[in-house]
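Notes for the structure review
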2 protein chains.
Amino acid sequence: MWDQLWVDVRVATAVGGGTPFGLVEAAAVAVSADRIAWVGPAAALPAPPGALARQLHQGHGRLVTPGLVDCHTHLIFGGDRALDFDLRAQGATYAAIATAGGGIRSTVAHTRKLSVAELAAAALPRARALLADGVTTLEVKSGYGLDVASELKMLEAARLVGAQLDVEIVPTLLALHALPAEFAADRAGYVDLVVRELIPAAAAAGLARAVDVFCETIAFTRDECARALRAAREHGLAVKVHADQLSDCGGAALAAEFGALSADHLEYSGEAGVAALAASGTVAVLLPGAYLMLGETQRPPLAALRAHGVPLAVATDLNPGTSPCTSLSLALALARAQFGLSAEEGLAAVTRVAARALGLEASRGTLEAGKRADFCLWDLAHPRELGYWLGAGACQAVVRGGRVRAAATA
Amino acid sequence: MWDQLWVDVRVATAVGGGTPFGLVEAAAVAVSADRIAWVGPAAALPAPPGALARQLHQGHGRLVTPGLVDCHTHLIFGGDRALDFDLRAQGATYAAIATAGGGIRSTVAHTRKLSVAELAAAALPRARALLADGVTTLEVKSGYGLDVASELKMLEAARLVGAQLDVEIVPTLLALHALPAEFAADRAGYVDLVVRELIPAAAAAGLARAVDVFCETIAFTRDECARALRAAREHGLAVKVHADQLSDCGGAALAAEFGALSADHLEYSGEAGVAALAASGTVAVLLPGAYLMLGETQRPPLAALRAHGVPLAVATDLNPGTSPCTSLSLALALARAQFGLSAEEGLAAVTRVAARALGLEASRGTLEAGKRADFCLWDLAHPRELGYWLGAGACQAVVRGGRVRAAATA
């Protein structure tokens, strides 16, 4: 006997290759423990619903989708950057903002000052907002510590948030994000520290599943990033790359060379980089919040990405400096409006493909028997409405790991 | 004795000309019946707080702002336009969308089919989303009926939503929005109907406070709009204009000529139109949701608007076709990111100036003794964070007309 049976639902399974959105009308979803036991048309159920499950849930015709997967966040940080945003929107230069005490260094200073518990407490409202909007798995990066102890502290805070909210947080060591002030005259020394101490320590402590690097003119060179990624592979960690956000500096090709799970941003990637991503099976993660907040006008090369068959994910990029976005459905709407993603690409981008960007496609991202019982009930008539409304509130209930929660307290 | 006294709050009164944001630190706010009785530094209270009010509320340091005023919405409509958005984002032309059964005519068809009660029921979740995000007064336009009975039905539905949610809805007859199919060969006949029957009927029934027109190449000419606006003035109704959204067709100047409360959109307004708005004291209402969803690249002329001293408001433009936006704080974030509004301009734009765009500046839009007790408590450290976060959830409580509500059930 199943634990739960959901009936009178319209299910967008997000399984590719079948009906658009993997849509199943007049469907039913069965849950056993923390797994999907059965999903399909209610008419195909093997017996009357009442006889099949301990709990029978009426969906009242609501739309069900897989739980959303936010595959790129910087959830953990101290302080905010609202002043930077205000200055930048009015045309202040990066230098003027830094002079006013802003920029990433201000976030680093605030983050270093806080304890694990304080960092987790600051992140909780943001994490709750993501969960209330249907996120059931989220990636969280370090990258504002910039020394070994502070980077590990961020990863511990991410783990603590996961425990406090009973949600799976996939931790990523953002090993090369910015050069800390104390290494301003010694770039190689900082990369040495990352390669010889930080990556081994994070791996040994089991605090990260992947290593990420910011390959950009204002951040780290391709060679510096390659050193860190080699170290990641040596320690058995997966690889991700912040690639080509502000210029075509070879980030996509670098990601492909290391078989990265994902290459993220990609506004300035050229055809060669895109082809390389396709060959390596790397997911392209689009981050439309930063595009909006930075007033960017160069869109990621969607036509090339589609032509080469690169899988497309969308994430919030939740961070204080360039994307203070706490709603993945809003990030999806921004991707549809700004980048021209179709509704069907959009659903896959925040479920099936986002799971793949975390290496979790075997257990998440679609509604299929055997996968984790992570799904959302939406007050929406059709999956194309996900990422159409600008404003949250459509998520009515979340089932996470087989446990039912009202969205407001997800 | 006051009815309520709120202490340990940081108040952004949105009163202009003083401290930025009208900020008062360590403040207190007193309420008598449905009015603000007192606001200022707690140290200036005339007696110990406990002796002053029947109810003492602890703000725990939270930010208090005036209740938000959404001064431009099309809240009432049947159906949705998610399919249009999906097609348009992928590059479909207006004609292709119309052929697929989309466009404004599909909204008109859905709207005409529904009763007053059905229209109100469809609008309730959208209105609740606005209220949960801090809106305490909202304007609602007709404009999807396009015949006398259907236009009045929409205004009655707006009134019903106001009664059901106990919120003040300011109704506007959007008299010239689109030419109904049945008048395709008789533009003048439709304008006659609007001038001779619709406007008089709405005025006689007390169903509208203002008349709005869509002055645009794809909608109505300046002369057609002028006829409707003259009729509005003759019937004692205020005037608003959808102006220069897609081309500089003299909409701003028309609004100024009729002393309009507001001219809305303004992406293509030229210097002369802006100067005319300044001279007439007309508010410029910026609608960044439509700018985003339409992929517009021509920004409203902010520099000219500022140089001429035109007051700036921001609204959701909530509508199914071009701005399905149910969060005014999100609209504010879009205005700040896309148009470069400063944080301080932004707070005024959704409070003080928005109230003026509705002719309600005497009773709303700032926190001052004598005004209506409409205010919000936010989980934000500083008013510049309003319209910084992309995603709702920061509004913790709302006081509307002196009644305290949790934001989730506002």
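Whatever comes next refers back to the structure up there.
In this report, we go over the structure that sits alongside the text.

About the cut-offs
- Residues numbered from 1 in each chain as written.
- Chains lettered and ligands numbered in written order.
- Predicted model: local features only at pLDDT ≥ 70, side-chain atom pairs only at ≥ 80, totals over all residues.
- Heavy atoms only, no water.
- Helix = DSSP H or I, 4+ residues; strand = E, 2+ residues; numbered from the N terminus.
- Buried < 20%, exposed > 50% of the residue type's maximum accessible area, 1.4 Å probe, protein only.
- Contact = heavy atoms within 4.5 Å.
- Salt bridge = Lys/Arg side-chain N within 4 Å of Asp/Glu carboxyl O.
- Polar contact = N/O pair within 3.5 Å; in protein donor to acceptor, adjacent residues only side chain to side chain.
- Pairing = 2+ DSSP bridges.
- Axes fitted to C-alpha atoms, helices over the stretch in contact; angles between N-to-C directions.
- Parallel < 35°, antiparallel > 145°, perpendicular 65-115°, else oblique.
- Nonpolar A, V, L, I, M, F, W, Y, C, P; charged D, E, K, R; others polar.
- Right-handed = clockwise from strand over helix to strand, strands pointing away.

Residues and elements named next belong to chain A. Along the chain, the position of valine 314 falls in strand β12 (residues 312–314). We classify valine 314 as buried; its relative accessible area is 0%. Considered as a pair, valine 314 and alanine 349 are 35 residues apart in the sequence and their alpha carbons are 5.2 Å apart. Aside from chain neighbours lying at most four places away, what touches valine 314 is Leu286, Pro288, Leu328, Ala331, Leu332, Ala335, Leu341, Ala349 and Val350.

Right, let's get into the interface of chain A and chain B. You'll often see interface size given as the accessible area lost when the parts meet. Contact residues are listed per partner, giving 36 residues for chain A and 36 residues for chain B. Our enumeration of links across chain A and chain B arrives at two salt bridges. There are ten residue pairs in polar contact (both at pLDDT 80 or more) connecting chain A and chain B. Looking at the side of chain A that touches chain B, the elements that each hand over two or more residues are α1 (82–89), α10 (288–293) and α12 (328–339) of chain A. In terms of residues, the side of chain A that touches chain B owes the most to one element, α12(A), which gives six residues.

Residue and element names in this part refer to chain A. Pairing is mixed in the open sheet, where seven strands are placed in the order β3-β2-β1-β4-β13-β14-β15. Bordering the open sheet on either side are β3 (35–41) and β15 (403–406), each of which pairs with just one other strand. Within the sheet, the average angular offset between the axes of one strand and its neighbour, ignoring direction, is 30°. Here four bridges tie strand β13 (residues 375–378) to strand β14 (residues 395–400), and the two strands are oriented antiparallel to one another.

At their nearest, the axes of α12(A) and helix α1 (residues 82–89) of chain B sit 8 Å apart, and the two run at 50° to each other. Considering their axes alone, α12(A) and α1(B) lie oblique with respect to each other. Within the contact between the two elements, α12(A) uses A:Ala333, A:Arg336 and A:Ala337 and α1(B) uses B:Ala82, B:Phe85, B:Asp86 and B:Ala89. Of the residues belonging to the contact of α12(A) with α1(B), the class tally is five nonpolar, no polar and two charged.

Once that is clear, we can look at the pairing of strand β10 (residues 238–243) of chain B. Residues and elements named next belong to chain B. Counting buried positions along β10 yields five of six residues, so the element is predominantly enclosed. Pairing analysis gives six bridges linking strand β9 (residues 210–215) to β10, with the strands arranged parallel. Bridging across to β10, valine 211 finds its partner in valine 239. In this fold, β9 hands off to helix α7 (residues 222–234), which returns the chain to β10; that crossover is right-handed. In this sheet, strand β11 (residues 262–265) lies alongside β10 in parallel orientation, the contact comprising four bridges. Looking at the pairing, alanine 243 lines up with histidine 265 of β11.

This part covers the environment of B:Ala252. Residues and elements named next belong to chain B. By the secondary structure assignment, alanine 252 is in helix α8 (residues 251–257). In this structure, the C-alpha to C-alpha distance between alanine 252 and alanine 279, residues 27 residues apart in sequence, is 11 Å. Dropping the residues within four chain positions of it, alanine 252 is found in contact with Ala243, Asp244, Leu266, Ser269, Gly273 and Leu277.

So yeah, pure geometry; function would need other evidence.
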